[in-house]
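# Reading the structure
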Amino acid sequence: MKLSTLYAQTSLEQGMSEIARSIASCNGEAYNREIEDWMRQSNYLLKEQEAVSLKRIGDFKGAMNIYNNLFESRPHLARLHYSAFKTLAAAGQMKEAYQAIQLWCLAIVPDIVFPNLERFFDPNSNPVMDASRNSEVCQHLYLWPINVPDAMYHLGSSKMIASGMLTQQGSRAYSASLAGQFAPIEHSMEQARNLGINIAAELPWMAISNSIKGKTWDLIISATSYAVRYHSS
């Protein structure tokens, strides 16, 4: 599957399931090391820099071609979805951009969980719990992405544009800012950020309940269960 298909021809629920299955194929205990090794072997940073340069000169198709090639190897890479979002939004393809930033909300979860895994439960205990297959725990995965303020701002801003809450001038200014151009933003960053948090909480998290299998997801769901208890205390 290509990014263009994932963002334009796939439902949000199907897209989230695809990413959840990709996350399941990873080794959770070595997640960050696996990502770092792959980024080094694939020259990811150089290719990302090339894509950003293409975006800034208006070659959005060229930038997306680079991201498409990288996506084939790491469909769950949050950084990739975030970069693709910025490219699509800069190009004015807000429908696809909105899908990209919503899918980022799931892809970022392991990036936040695994570097801090020891904080969430006793490493000597068994992380596999009955609740790990419970949709109630799935619904709380939003607790991770809402900790990234910039992403919540972009999620909310994308929704504002998609819903016609911004003027055409405001929408153009926002897209131009993502293309690296100076443009005064008309809408409130705080309002957009709060809207983004609400959207993240209401994403169809239950859609991935049948895809969260294996040790990697056991660890994520266990950490999420801990986070739920912490926020509720």
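Going by the structure above, here's the rest.
Just so it is clear, the model here is predicted, and its values are computed rather than measured.

### Thoughts on the pattern of salt bridges
- Inspection of the entire model under this criterion finds four salt bridges.
- With a shortest N-O distance of 3.6 Å, lysine 2 and glutamate 72 are connected by a salt bridge. Separated by 70 residues along the polypeptide, lysine 2 in the segment before α1 (3-8) and glutamate 72 in the loop between α5 (60-71) and α6 (78-90) bring together distant segments of the chain.
- Put simply, aspartate 37 and arginine 40 hold a salt bridge, and the shortest N to O gap is 2.6 Å.

### Details of the side chain of histidine 154
- Along the chain, the position of histidine 154 falls in helix α10 (residues 149-162).
- Once residues within four sequence positions are removed from consideration, histidine 154 is found in contact with Tyr82, Phe85, Lys86, Tyr174 and Leu178.

### Topic: the environment of arginine 56
- On the secondary structure map, arginine 56 appears in helix α4 (residues 44-56).
- Looking at arginine 56, the relative accessible area reads 59%, which means it is exposed.
- For the pair arginine 56 and methionine 189, spaced 133 residues apart in the sequence, the C-alpha separation amounts to 23 Å.

### Here's the deal with the packing of α10 against helix α12 (residues 189-201)
- The geometry of α10 relative to α12 is characterised by a closest axis approach of 6 Å and an angle of 90° between their N-to-C directions. Judged on the interaxial angle alone, α12 and α10 are roughly perpendicular. Taken together, the residues of α12 that come into contact with α10 (itself represented by Pro149, Met152, Tyr153, Leu155, Gly156, Ser157, Lys159 and Met160) are Met189, Gln191, Ala192, Arg193, Leu195, Gly196, Ile197, Ile199 and Ala200.

### Details of the layout of surface pockets
- When its volume is computed, the second largest pocket comes out at roughly 190 Å³.
- Leu3, Ser4, Tyr7, Ala8, Phe60, Lys61, Met64, Asn65, Asn68, Leu88, Gln93 and Glu96 together form the lining of the second largest pocket.
- The set of elements that each furnish at least two residues to the lining of the second largest pocket consists of α1 and α5.
- Looking at which element gives the most residues to the lining of the second largest pocket, the answer is α5, with five residues.
- Looking at the lining of the second largest pocket, its residues break down into six nonpolar, four polar and two charged.

Here is what the cut-offs are and how they apply
Residues numbered from 1 in each chain as written. Predicted model: local features only at pLDDT ≥ 70, side-chain atom pairs only at ≥ 80, totals over all residues. Heavy atoms only, no water. Salt bridge = Lys/Arg side-chain N within 4 Å of Asp/Glu carboxyl O. Helix = DSSP H or I, 4+ residues; strand = E, 2+ residues; numbered from the N terminus. Contact = heavy atoms within 4.5 Å. Buried < 20%, exposed > 50% of the residue type's maximum accessible area, 1.4 Å probe, protein only. Axes fitted to C-alpha atoms, helices over the stretch in contact; angles between N-to-C directions. Parallel < 35°, antiparallel > 145°, perpendicular 65-115°, else oblique. 1 Å grid on protein atoms, 1.4 Å probe; cavity = no way out; pocket = protein on both sides within 12 Å on 5 of 7 lines; lining within 4 Å. Points joined across faces, edges and corners; volume = space filled by probe spheres on them. Nonpolar A, V, L, I, M, F, W, Y, C, P; charged D, E, K, R; others polar.

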